[in-house]
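Residue-level structure breakdown
One letter stands for each residue in the lines below.
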Number of protein chains: 2
Amino acid sequence: MARIKDVAAQAGVSVATVSRVLNDSPSVTEETRSRVYAAMTALNYVPNAVARSLRTEATRTLGLIIGDILNPFFTELARAVEDGAREAGYTVVIGNADERADQQDHYVRTLLEQRVDGLLICPTAEVTPLIEEVARGGRPLVFLDRTLPGLDVPSVRADGTEAIRRLAGHLRALGHRRVAFISGPGTLSTGRERTRAFLMAAAETGLEVPPEYVRVGDFRAGSGQALTAALLDLPEPPEVIFLGDNLMALGALDEIRKRGLRIPGDIGLASFDDVPWFSHTDPPVTAISQPTAELGRGAVRVLLDILGGRRADSVVLPAHLVVRESCGEARPHARPPDGHDRTPDGHPDTPDGHEVRPDGHGDTPDAVVGRGTA
Amino acid sequence: MARIKDVAAQAGVSVATVSRVLNDSPSVTEETRSRVYAAMTALNYVPNAVARSLRTEATRTLGLIIGDILNPFFTELARAVEDGAREAGYTVVIGNADERADQQDHYVRTLLEQRVDGLLICPTAEVTPLIEEVARGGRPLVFLDRTLPGLDVPSVRADGTEAIRRLAGHLRALGHRRVAFISGPGTLSTGRERTRAFLMAAAETGLEVPPEYVRVGDFRAGSGQALTAALLDLPEPPEVIFLGDNLMALGALDEIRKRGLRIPGDIGLASFDDVPWFSHTDPPVTAISQPTAELGRGAVRVLLDILGGRRADSVVLPAHLVVRESCGEARPHARPPDGHDRTPDGHPDTPDGHEVRPDGHGDTPDAVVGRGTA
DNA sequence: TACCCTCATGAAATCGATTACATGGAGGAC
DNA sequence: GTCCTCCATGTAATCGATTTCATGAGGGTA
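The model shown is predicted, which means the values in this text are computed figures rather than measured ones. (Residues numbered from 1 in each chain as written. Chains lettered and ligands numbered in written order. Predicted model: local features only at pLDDT ≥ 70, side-chain atom pairs only at ≥ 80, totals over all residues.)

Observations regarding the relation of the copies chain B and chain A
What counts, and what does not: All copies are superposed by least squares; the fitting set is the C-alpha atoms of residues with a pLDDT of at least 70 in both. We call two residues in contact when the distance between their C-beta atoms, placed using the backbone, is within 7 Å.
Overlaying chain B with chain A gives an RMSD of 0.0 Å, the required rotation being 180 degrees about an axis along which the chain moves by 0.0 Å. Given the turn and translation reported, the copies of this chain are related as if by a two-fold rotation axis. In terms of C-alpha distance to the rotation axis, chain B has T281 of chain B as its closest residue, with the C-alpha 2.0 Å off the axis. Looking at chain B, 98% of its interface residues are interface residues in chain A too, so the copies touch through the same face.

Things to note about the packing of helix α2 (residues 15–22) of chain A against helix α3 (residues 30–42) of chain A
Residues and elements named next belong to chain A. Selection rule: Axes, fitted as lines to C-alpha atoms, cover a helix only where it is in contact. Angles between the N-to-C directions of the axes lie from 0 to 180 degrees. The way it works is that DSSP assigns letters per residue, a run of H or I at least four long becomes a helix, a run of E at least two long becomes a strand, and they are numbered from the N terminus. Roughly parallel means an angle under 35 degrees; roughly antiparallel, over 145; roughly perpendicular, 65 to 115; everything else is oblique. Each residue gets one of three labels, nonpolar for Ala, Val, Leu, Ile, Met, Phe, Trp, Tyr, Cys and Pro, charged for Asp, Glu, Lys and Arg, and polar for the others, Gly among them.
Contact geometry for α2 and α3: axes closest at 10 Å, N-to-C directions at 90 degrees. Taken as axis vectors, α2 and α3 run roughly perpendicular relative to one another. The segment α2 lies against α3, with T17, V18 and V21 engaging T32, R33 and V36. A breakdown of the residues in the contact of α2 with α3 according to their chemical character gives three nonpolar, two polar and one charged.

Brief notes about the protein's contact with DNA strand D
How we decide: By convention here, the C-beta atom is placed from the backbone, and a residue is near a molecule or strand when that atom is within 6 Å of it.
Close to DNA strand D lie 27 residues; I4 and S19 of chain A together with S14, A16 and S27 of chain B are nearest. Contributing elements (two or more residues each) for the surface near DNA strand D: α1 (4–11), α2 and α4 (49–56) of chain A together with α2 (15–22) and α4 (49–56) of chain B. Grouping the amino acids of the surface near DNA strand D by side-chain chemistry returns twelve nonpolar, nine polar and six charged.

Looking at the interface of chain B and chain A
Listed by partner, the interface residues are 43 residues for chain B and 42 residues for chain A. Looking at the side of chain B that touches chain A, the elements with two or more residues in it are α4, α5 (72–87), β2 (91–96), α6 (101–113) and α11 (246–258) of chain B. Per-element accounting of the side of chain B that touches chain A gives the leading share, five residues, to α4 of chain B.

Some thoughts on the protein's contact with DNA strand C
Every one of the 26 residues lining DNA strand C counts as a neighbour, but A16 and S27 of chain A together with R3, I4 and S19 of chain B are closest to it. Of all elements in the fold, only α2 and α4 of chain A together with α2 and α4 of chain B reach the threshold of two or more residues within the surface near DNA strand C. Per-class residue counts for the surface near DNA strand C are twelve nonpolar, nine polar and five charged.

Considerations on the confidence of the model for chain A
All names here are of chain A. For the record, the criterion: The predictor rates its confidence in each residue with pLDDT, a number between 0 and 100.
Residue-level pLDDT values for chain A average 88, and 88% of them are 70 or greater. Confidence drops under a pLDDT of 50 for residues 331–354, and excluding neighbours within four residues, the segment shows 30 contacts in the predicted structure. This model gives residues 357–374 a pLDDT under 50, and the stretch forms 43 contacts once residues within four places in sequence are excluded.

Comments concerning unusual backbone geometry
Our working definition: Exposure in this text rests on C-beta crowding, where 20 or more other C-beta atoms within 10 Å of a residue's own make it buried, 12 or fewer make it exposed, and counts in between make it partly exposed. The C-beta atoms are placed from the backbone.
In this model, I263 of chain A is joined to P264 of chain A through a cis peptide bond whose omega is 0 degrees. As for its placement among the helices and strands, P264 of chain A is situated in the loop between α11 (246–258) and β9 (268–272). Positive phi outside glycine occurs at D24 of chain A, with the angle close to 55 degrees. With respect to the helices and strands, D24 of chain A occurs in the loop between α2 and α3. With phi around 55 degrees, N44 of chain B is a residue other than glycine that occupies positive phi space. By the secondary structure assignment, N44 of chain B is in the loop between α3 (30–43) and α4. Judged by the 10 C-beta atoms lying within 10 Å of it, N44 of chain B falls in the exposed class.

And the structure:
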């Protein structure tokens, strides 16, 4: 493979000049420049980013560690991160923690060895010694989606409190009283926050939530299914089950379908996270939609701010309730022959403040910014 | 950041010795080894993979270029590739071509600059000059899912011919005659092969497929929706529409739902690609399932074979028909109170040879191997 | 013509690891 | 006691780029 030295020889110049051409230095004659370009194409020269990085101490690469690559929320997030990074000329290396702290740490180590310029982490557990070391070491680091307490690391995440409050109101308005919540692990900030928000909203709204109605899953399909089964087997099962993320909702759908129960007639269902196919299930699922794209791009922006030596603020974006039919929204029996059978589209904010959106595509929420982490 | 030189000083040895410890060389005293380890932890030493790669000419990194990161088929594929690579001690850098040849080439260039040890590419278009150069240059390269003609590059892909034949039989058995196909671009091997397989199967089975029933989409939701609309607007619309991939099926569902048509009563639907949520749509979608995990891990294995200097064979794995309800399978009107409302689970191969699988989870198919590409 | 300034270019050090080769001490054989 | 061997360790070259500093040609001015 051709090296810069070969290009220099072919063009009859020094390696320094070739390097200047590579880096668009202004102090190169137009004539020399074109001779160098000619040599590069003649030799099929591909600059060696490894050598460049060794010298410049920069890889123009960002590391992203997500919780679970099979979770569409994280893949959407990853896509947004990639988009933002590419626009800024960065490559992204993705690590899949598979919701395991050891695997998360494995990727942190690998990415540090690879000398990524900065890290975006969706932390999978509580503070590990390695994460703490990275944070204290002052390495460019941003938490995404989830945060860790006690570290001075900016974070970019969504806040579902208001959306959950609206969901509670929606359920109450439909006449439901007994609502269960299957949350995520208490070791994750998202798990804790959603539980707290749900309990608060339930109390405010007057929903009945006995202790056995609050279960802790692991944000994966299996636990959603198992815990749904447990709830359905209670002497007095809930009228509605609210799932803490889209994978557990998938598991819940499996369990409900397996039992031959009808939604929302026999059991109502709602989910945190909105995914494209929620509008195609039987029936479409009422969900809380996170501004995934804005989260991903926002996190890249914050990280690039740190890399650029600018001040980095944490970002909190609101999540939105998307009402569909899975909690008992009226479903017309006769469909009009010519078109929509539900509320028409086009950002219709209903009087009680939530969004009725049969198609599941989002709008751009406004950002709430604050300094550092709690 | 601590360098190998600092560790050497701290441990009172030379850098060569530290390097030997890093690389598990046997010729280091146990006592020296532990002194070096102590120094490394004391200094929080993280080896610099950039410097190592420059010297060893190996990055232990594989490049993967997928067609579209929003397509669950490709994200599943990516996950399988990552799993396989991690087990072998490799990191994967993913590039998202977004189904655009220029973006694909952009990532090829970037990955070459990063000196990945090998490339896995799901080619997004016909042979570009860059791809040809890479192939001719003898760089470790494997095509995944899609292939390109005329290049001596091994490929790992699924063959849907038999599954499509079974789908045709299934449709015929249900009494359908007029079946339309929305294919992928003719520039992609998968688009061409699926069209050819469908036309062959239709002819064999006695389905009516006038030219206006065969449309060419781009494997993305938008085209699935638009082309479904076009088919439904025909003077004599088809009884069933078969979509060439899961994203176009999503678009078709959107269009059908928008028009208030019922599936399968008003229009039947089937899809190439199976995704987890197809069993939760209204109604569950009959689909052709590709052995995604085996494809991804198989491709890594082939690439590692090339890297290890072993002979590399192309791999072709069969796809499977998964019958659900969207083409007219009988749906019970009364559900039993205690459980399943459809065919029971457990790998039931029905007499006519296809799999009836309400849950959408797969089995391991047998591999068909052959030398090189066509 | 002499002097100085500008600017394009080149020579060589450098980044942090690996590794071929050199070295020296311990131990065994005679 | 001498010599040879083996083996743990050290010295220094190397990978391919960037970058600092030196250099010399060319041009403008007095």
